[in-house]
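Commentary on secondary and tertiary structure
Residue strings, one per chain:
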Amino acid sequence: MEKNKLNYIETRRMVEDLSDSLTELVIESLLGAGQTVDTEKPYSKLYKALRYFNSDTSQCQRQLEIVYQGFQGVLDTLSHDANFIYLNDPAAQSLEEVLLAYPGFFAIAHYRVANLLHRVGVNILPRMITEYAHSKTGIDIHPAATIGREFCIDHGTGVVIGETTIIGQRVKLYQGVTLGALSVSKSLSATKRHPTIEDDVIIYAGSTILGGETVIGHDSVIGGNVWLIKSVPPFSMVYHESKVIVQQGKFNHKMK
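Reading guide: rules and limits
Residues numbered from 1 in each chain as written. Predicted model: local features only at pLDDT ≥ 70, side-chain atom pairs only at ≥ 80, totals over all residues. Heavy atoms only, no water. Salt bridge = Lys/Arg side-chain N within 4 Å of Asp/Glu carboxyl O. Helix = DSSP H or I, 4+ residues; strand = E, 2+ residues; numbered from the N terminus. Buried < 20%, exposed > 50% of the residue type's maximum accessible area, 1.4 Å probe, protein only. Expected span 1.5 Å × (residues − 1). Arc of directions from axis to C-beta. Pairing = 2+ DSSP bridges. Core = buried A, V, L, I, M, F, W, Y, C linked by side-chain atoms within 4.5 Å. Contact = heavy atoms within 4.5 Å. Axes fitted to C-alpha atoms, helices over the stretch in contact; angles between N-to-C directions. Parallel < 35°, antiparallel > 145°, perpendicular 65-115°, else oblique. Left-handed = near helix turned anticlockwise from the far one by under 90°. Nonpolar A, V, L, I, M, F, W, Y, C, P; charged D, E, K, R; others polar.

With that settled, the discussion passes to the pattern of salt bridges. In total, this model carries 9 salt bridges according to the counting rule given. The salt bridge partner of Glu-16 is Arg-12, with a shortest N-O separation of 3.1 Å. Note that Glu-16 and Arg-12 are positioned in helix α1 (residues 8-33) at a spacing of 4 residues, about one turn of the helix. Assessed through its relative accessible area of 37%, Arg-12 is described here as partly exposed. Ionic pairing is found between Asp-17 and Lys-45, a salt bridge with its closest N-O pair at 3.1 Å. Here the residue Asp-17 occupies a position in helix α1, and Lys-45 occupies one in helix α2 (residues 40-53), the gap between them amounting to 28 residues. With relative accessibility at 38%, the residue Asp-17 sits in the partly exposed group.

Shown next, in the form of structure tokens:
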């Protein structure tokens with residue numbers, strides 16, 4: 001079959017429209033308005049997008065059916081994510097606030113949908129969906145990453161989660177966290193290049209954890225601005241020690 005010729009502007013608009021439609025379906029369903037949501041609209045847009053990237057109509061139809069069957073599981077997982085964020089953030093006044101206003105949840109929702117498409121074997125589209133969320137939130141999650149239930153990204157700007165990252169359950173990340181790869185050649189692209197974060201880990205702002213063999217043991221806390229390229233055992237506390245010195249009267253500038 002002849003491959004479709006892709007137009008940049010048309011492709012971006014289509015994916016953004018699809019992303020917004022799928023997000024609306026997710027949020028409205030979790031807000032309890034699932035019975036009144038027009039589910040046919042986002043699925044028709046999804047089929048159009050699948051066909052745009054793939055000329056094989058039978059394969060697109062199979063992919064659409066699998067996504068339809070798996071979508072309830074995505075909603076269930078996102079419900080756990082939203083509740084976990086609400087319960088762990090003192091600033092959250094309600095679950096509705098998390099669903100409607102939290103960039104971390106927005107990015108996670110796009111990732112969950114894109115990850116389902118990735119597991120079905122859809123090319124390009126999952127990456128464009130997570131990059132759309134990236135452009136809106138500053139949170140960069142590769143759709144191929146493996147992330148367990150009850151996942152929380154607090155604040156979120158500058159978070160990077162690489163392709164082969166594995167994250168367990170009840171993990172909490174703050175802004176500026178990078179779960180990345182050490183520099184490797186293109187020939188190693190199929191290997192595990194990104195870290196594994198086990199259950200119940202907290203990683204504070206600005207920390208960088210690199211490497212496919214790096215494992216952060218369960219129930220560990222990684223402090224802010226930590227650089228890690230080696231594993232740490234469960235129940236570890238890892239932090240960067242620095243000194244802040246305050247001297248009174250050293251610089252006494254008077255206002256004129």
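So much for the structure itself; the text now carries on.
Turning our eyes to something else, we now look at helix α6 (residues 125-137). For α6, built from 13 residues, the straight-helix expectation of 18 Å at 1.5 Å per residue is met to within 8% by its first-to-last C-alpha distance of 19 Å. All buried positions along α6 are accounted for by Leu-125, Pro-126, Ile-129, Thr-130, Tyr-132, Ala-133 and Thr-137. Down the axis of α6, the sector holding all buried residues measures 145 degrees, keeping them to one side. Once α6 ends, the next one or two residues include Gly-138, with phi positive near 80 degrees.

Pairing is parallel in the open sheet, where 4 strands are placed in the order β2-β5-β8-β11. Of all strands in the sheet, those with a lone pairing partner are β2 (146-147) and β11 (215-216), marking the two edges. Looking at chain direction, strand β8 (residues 196-197) and β11 are connected through 2 bridges and run parallel. Residue pairing for β11: Thr-196 is matched across the bridge by Val-215.

Our focus in this paragraph is the nonpolar core. If you look at the biggest cluster of nonpolar residues, it comprises 64 residues, and the most contacted ones within it are Phe-105, Leu-125 and Ile-161. Breaking this core down by element, the ones donating at least two residues are α1, α2, α3 (57-88), α4 (95-101), α5 (103-120), α6 and β3 (152-153). If we ignore the near neighbours within four places in the chain, the residues touching Phe-105 are Ile-27, Leu-30, Leu-78, Asp-81, Ala-82, Ile-85, Val-98 and Leu-99.

Further remarks concern the packing of α3 against α5. It is the contact of α3 with α5, at a shortest axis distance of 9 Å, that shows an interaxial angle of 150 degrees. With respect to their mutual orientation, α3 and α5 come out roughly antiparallel. At the point where α3 passes α5, the crossing takes the right-handed sense. Residues Gln-63, Ile-66, Val-67, Gly-70, Phe-71, Val-74, Thr-77, Leu-78, Asp-81, Ala-82 and Ile-85 of α3 form the contact with α5, whose own contacting residues are Phe-105, Ile-108, Ala-109, Arg-112, Val-113, Leu-116, Leu-117 and Val-120. Taken together, the residues of the contact of α3 with α5 break down into 14 nonpolar, 3 polar and 2 charged.

The values are spatial; any link to function lies outside them.
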